[in-house]
Amino acid sequence: MKKTLIALALTTLPVAAMAEVILYGQMKAGYETSSTKTSGESRGPYQNGIADYGSRIGFKGSDDLGNGLKAIWQVESAIHLGNNDGKADGWANRDSFIGLQGDFGTVRAGRISNAMKANMDAVDPWEYNNQVLGLGKFTRTGARYVGIAYNSPEFAGFKLSALYSPRDNVNGGDRNAEYDHGIGSGDKYSVGVNYQNAGYFAKYGFDYLKNSAVKVDGLKKDMKDGQVHRIEGGYDANNLFVGVGYQYTKNTSSYFRGLNNLSIVDPATKEKVDVGDHHLTMDNQGQEAALTVGYYFGNIFPKISYVHGWDVKINGTKEKNTKYDQVVLGADYAFSKSTTANVQAGWLREGNGESNGKDKTTAFGVGLKHTF
């Protein structure tokens, strides 16, 4: 990735000191259209428009402290080229931190991606806003937490990462609200292990979410902790790309929309229970698998993905008609190392629960990406 260097002169110091600041980012957007048909109903209207694919801008730098030790920092923010779509506004709403780097590895504090979001997107090589045009359902567990993180140096192809988000960073400093609702603290933990050698790669990400779910009987005595396990592996060399992934989620966000649309309320106040980023869901479990295959023909990279989610369990019982199947087919064309065009079509069939039929969505998108 080409990066721009900006020299900042600190002229207020007795002796002018120079620090390099790297400006970097991505501008990417396109046109998307989609339509959904529900069982027993006529096809819904087509929705279309300009969509942002995750454009962003960032600044980062470092200060050599001697003896192999550096102070590092980064500020990164989203840019909305289309509608906001409920995404976070404000400065430093993406990975932004300060830390130290040395032979021991890297320690950072700030807003940091968990193991799934940081480097487990190989199986989802698509640019999109509408999740039907990419693996957004599968990769939904990628998140950013405010906390402290450690990344190890490489050992024989292995790299380790760990992230901890303390209770009061999750609840926005409102511990009293957690206490009043009887939901306990919402600390979050994330661990990742990556391996790469001769084009082969394997990745494992794990999140542990304190008090993330509750059974419908009540709040105080039925709190449940959440877990996310994701495994990815494959081969990326000699023009061939093959990526496979498996994900198990428990007591956290689900690919079944009927579950995510349910509100958890305090039985005493009848109010929805959400405290800062401490969101509750119902006791649930789900399993998904994904496969992506692509091949480089010069500047053209055609690829195809298939994803399957099995019927979910809610409160320990498997719910019928809650699975999903998805296919995405398309290609990228590289004009240069910095500019790429994409075109793709997606098909998603997902159950709405027993006796509620299925939704079948078709989508098409074309876009352009430039990195700097």
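Higher on the page you've got the structure.
Definitions and cut-offs
Residues numbered from 1 in each chain as written. Predicted model: local features only at pLDDT ≥ 70, side-chain atom pairs only at ≥ 80, totals over all residues. Heavy atoms only, no water. Helix = DSSP H or I, 4+ residues; strand = E, 2+ residues; numbered from the N terminus. Contact = heavy atoms within 4.5 Å. Buried < 20%, exposed > 50% of the residue type's maximum accessible area, 1.4 Å probe, protein only. Polar contact = N/O pair within 3.5 Å; in protein donor to acceptor, adjacent residues only side chain to side chain. Phe/Tyr/Trp six-rings, centres within 6.5 Å; stacked < 30°, edge-to-face > 60°.

### Quick word on the environment of Gly346
Working step 1: Residue placement: Gly346 occurs in strand E22 (residues 339-351).
Working step 2: When neighbours within four sequence positions are excluded, Gly346 is seen to be in contact with Val132, Leu133, Val327, Val328, Thr361, Thr362 and Ala363.

### Points about the side chain of His278
Working step 1: Structurally, His278 can be placed in strand E15 (residues 278-279).
Working step 2: The class for His278 is buried, based on a relative accessible area of 3%.
Working step 3: Here Glu178 takes part through its side chain, which lies 2.7 Å from a polar atom of the side chain of His278.
Working step 4: There is a polar contact of 2.7 Å between the side chain of His278 and the backbone oxygen of Asn211.

### Some remarks on unusual backbone geometry
Trans is the prevailing form of peptide bonds, just as negative phi is the prevailing case for residues other than glycine.
Working step 1: Positive phi is not limited to glycine here, since Asn67 has a value of about 55°.
Working step 2: Here Asn67 lies in the loop between strand E4 (56-66) and strand E5 (69-78).
Working step 3: Judged by its relative accessible area of 87%, Asn67 is exposed.

### Focus: the packing of aromatic side chains
Working step 1: Throughout the structure, instances matching the rule amount to ten aromatic pairs.
Working step 2: Taken together, a centroid distance of 6.3 Å and an interplanar angle of 45° make the contact between Phe59 and Trp91 tilted. On the criterion of sequence distance, the pair formed by Phe59 in strand E4 and Trp91 in the loop between E5 and strand E6 (96-102) is long-range, its members being 32 residues apart.
Working step 3: Grouped by ring-pair contacts, the aromatic residues Tyr164, Tyr189 and Tyr208 constitute a single cluster.

### Description of the environment of Tyr208
Working step 1: In this structure, Tyr208 sits in strand E11 (residues 200-214).
Working step 2: Accessibility expressed as a relative area gives 26% for Tyr208, which makes it partly exposed.
Working step 3: Between the C-alpha atoms of Tyr208 and Ser190, which are 18 residues apart in sequence, the distance is 6.4 Å.
Working step 4: Separated by 2.5 Å, the side chains of Tyr208 and Asp225 make a polar contact.

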